[in-house]
Amino acid sequence: QVQLVEAGGGLVQPGGSLRLSCAASGGIFSDYDMRWYQQAPGKQRQLVAVITSGGTINYADSVKGRFTISRDNAKNMVSLQMNSLKPEDTTVYSCNARIWTAVFGLRDYWGQGTQVTVSS
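Just so you know, the residues in each chain are numbered from 1, in the order the chain's sequence is written. Owing to the predicted nature of the model, reporting of local features is limited to residues with pLDDT of at least 70; listing and counting of side-chain atom pairs is limited to 80 or more, with chain, interface and lining totals taken over all residues. By convention in this description, side-chain values take in all heavy atoms of the structure and omit both hydrogens and water.

Caption draft 1: Representation of the overall build of the protein chain. Helix and strand definitions here come from DSSP, where helices need a minimum of 4 consecutive H or I residues and strands a minimum of 2 consecutive E residues; each element is numbered from the N-terminal end. In terms of helices and strands, the protein chain carries zero helices and 11 strands. Listing every helix and strand of the protein chain by position from the N terminus yields β-β-β-β-β-β-β-β-β-β-β. When its C-alpha atoms are laid out on the principal axes, the protein chain stretches across 50 × 30 × 25 Å. Partly exposed residues are those whose accessible area sits between 20% and 50% of the maximum for their type, while under 20% is buried and over 50% is exposed, using a 1.4 Å probe and protein chains only. For the protein chain, buried positions account for 40% of its 120 residues. Here the contacts in the protein chain between residues at least 6 apart in sequence split such that 54% fall between residues at least 24 apart. With residues, only the protein chains shown are counted as cover, and all accessible areas are computed by Shrake-Rupley using a 1.4 Å probe. Of the roughly 6,400 Å² of accessible surface on the protein chain, 50% is carried by carbon and sulfur atoms. Here the protein chain holds 11 positive side-chain charges and 8 negative ones, and the gap between their average locations is 1 Å. Residue contacts are counted whenever heavy atoms from the two residues lie within 4.5 Å of one another. Under this rule, positive means Lys or Arg and negative means Asp or Glu; His and the chain ends count for nothing. The atoms used to mark charge sites are NZ of Lys, CZ of Arg, CG of Asp and CD of Glu.

Put into structure tokens, the structure is as follows:
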């Protein structure tokens, strides 16, 4: 069982920056692919960025060049540096840990989410 706790959300002006963090406990953090999602009310979750256990990184087109995902396996933490923020980036951001094992199959774990509001 993996527990995820996000931090770092808040209110920022357009063009500003925020850094989200997600602290993990339980499990072997380095074995998990880590993702950040946007969760707008009444809408499906949208994948923002992923960093695999092997270090492969991918971003949604909407955030390429502005957001940077990173992980620190020694600290069991994944971060999302968000620069040049736009009002349309406003939503709840959730951290996800995913792993596939032969015994249990695909397992997903979620944090509670953190609100990001971009407004002047």
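Additional details are given in the paragraphs that follow.
Caption draft 2: The arrangement of empty space enclosed by the protein in detail. Put plainly, a pocket is an open set of points on a 1 Å grid over the protein atoms alone with protein on both sides within 12 Å along at least five of seven lines, a cavity is a set where a 1.4 Å probe fits but cannot get out, and a lining residue has an atom within 4 Å of a point. Grid points are joined across faces, edges and corners, and a volume is the space filled by probe spheres set on the points. Per the counting criterion, the structure on display carries one cavity of 30 Å³ or more. Taken as a whole, the largest cavity spans an internal volume of roughly 40 Å³. Lining the largest cavity, in full, are Val 2, Leu 4, Ala 24, Gly 26, Gly 27, Phe 29, Tyr 32, Met 34, Asn 76 and Ala 97. Residue composition of the lining of the largest cavity, by class: seven nonpolar, three polar and no charged. Note on residue classes: Ala, Val, Leu, Ile, Met, Phe, Trp, Tyr, Cys and Pro are nonpolar, Asp, Glu, Lys and Arg are charged, and everything else, Gly too, is polar.

Caption draft 3: A look at the nonpolar core. Throughout, nonpolar core names a set of buried Ala, Val, Leu, Ile, Met, Phe, Trp, Tyr and Cys residues whose side chains join them through atoms within 4.5 Å. Grouped together as the largest cluster of nonpolar side chains are 29 residues, with contacts concentrated most on Leu 4, Met 34, Trp 36, Val 78, Leu 80, Met 82 and Tyr 93. Elements supplying a minimum of two residues to this core: strand S3 (18-25), strand S4 (33-39), strand S5 (46-51), strand S7 (67-72), strand S8 (77-82), strand S9 (91-101) and strand S11 (114-118). Residues contacting Met 34, with those up to four places away along its chain left out, are Leu 4, Phe 29, Ala 49, Val 50, Ile 51, Ile 69, Arg 71, Val 78, Cys 95, Asn 96 and Ala 97.

Caption draft 4: Expanded view of the sheet that holds S7. Here, a strand pair is defined by DSSP locating no fewer than two bridges between the strands. Taken together, the four strands give an open sheet; going across it, the order is S1-S3-S8-S7, and neighbouring strands pair in antiparallel fashion. Two strands bound the open sheet, and with one partner strand each, they are strand S1 (3-7) and S7. Each strand of the sheet is rotated relative to its neighbour by a mean of 15°, with strand direction disregarded. Examined bridge by bridge, S1 and S3 share five bridges and lie antiparallel to one another. By the bridge assignment, Leu 4 is partnered in S3 with Ala 24. Fitted lines through C-alpha atoms serve as axes, helices being fitted only where they are in contact, and the angles separating the N-to-C directions of these axes extend from 0 to 180 degrees.

Caption draft 5: Seen up close, the state of the cysteines. The term disulfide is used for any two cysteine sulfur atoms that are within 2.5 Å. Per the stated rule, a full pass over the model turns up one disulfide. One disulfide bridge connects Cys 22 with Cys 95, the sulfur atoms lying 2.1 Å from each other. Around the S-S axis, the bridge from Cys 22 to Cys 95 shows a dihedral of about -80° and counts as left-handed. Of this pair, Cys 22 sits in strand S3 while Cys 95 sits in strand S9, placing them 73 residues apart in sequence. Residue class for Cys 95 comes out buried when judged on its relative accessible area of 0%.

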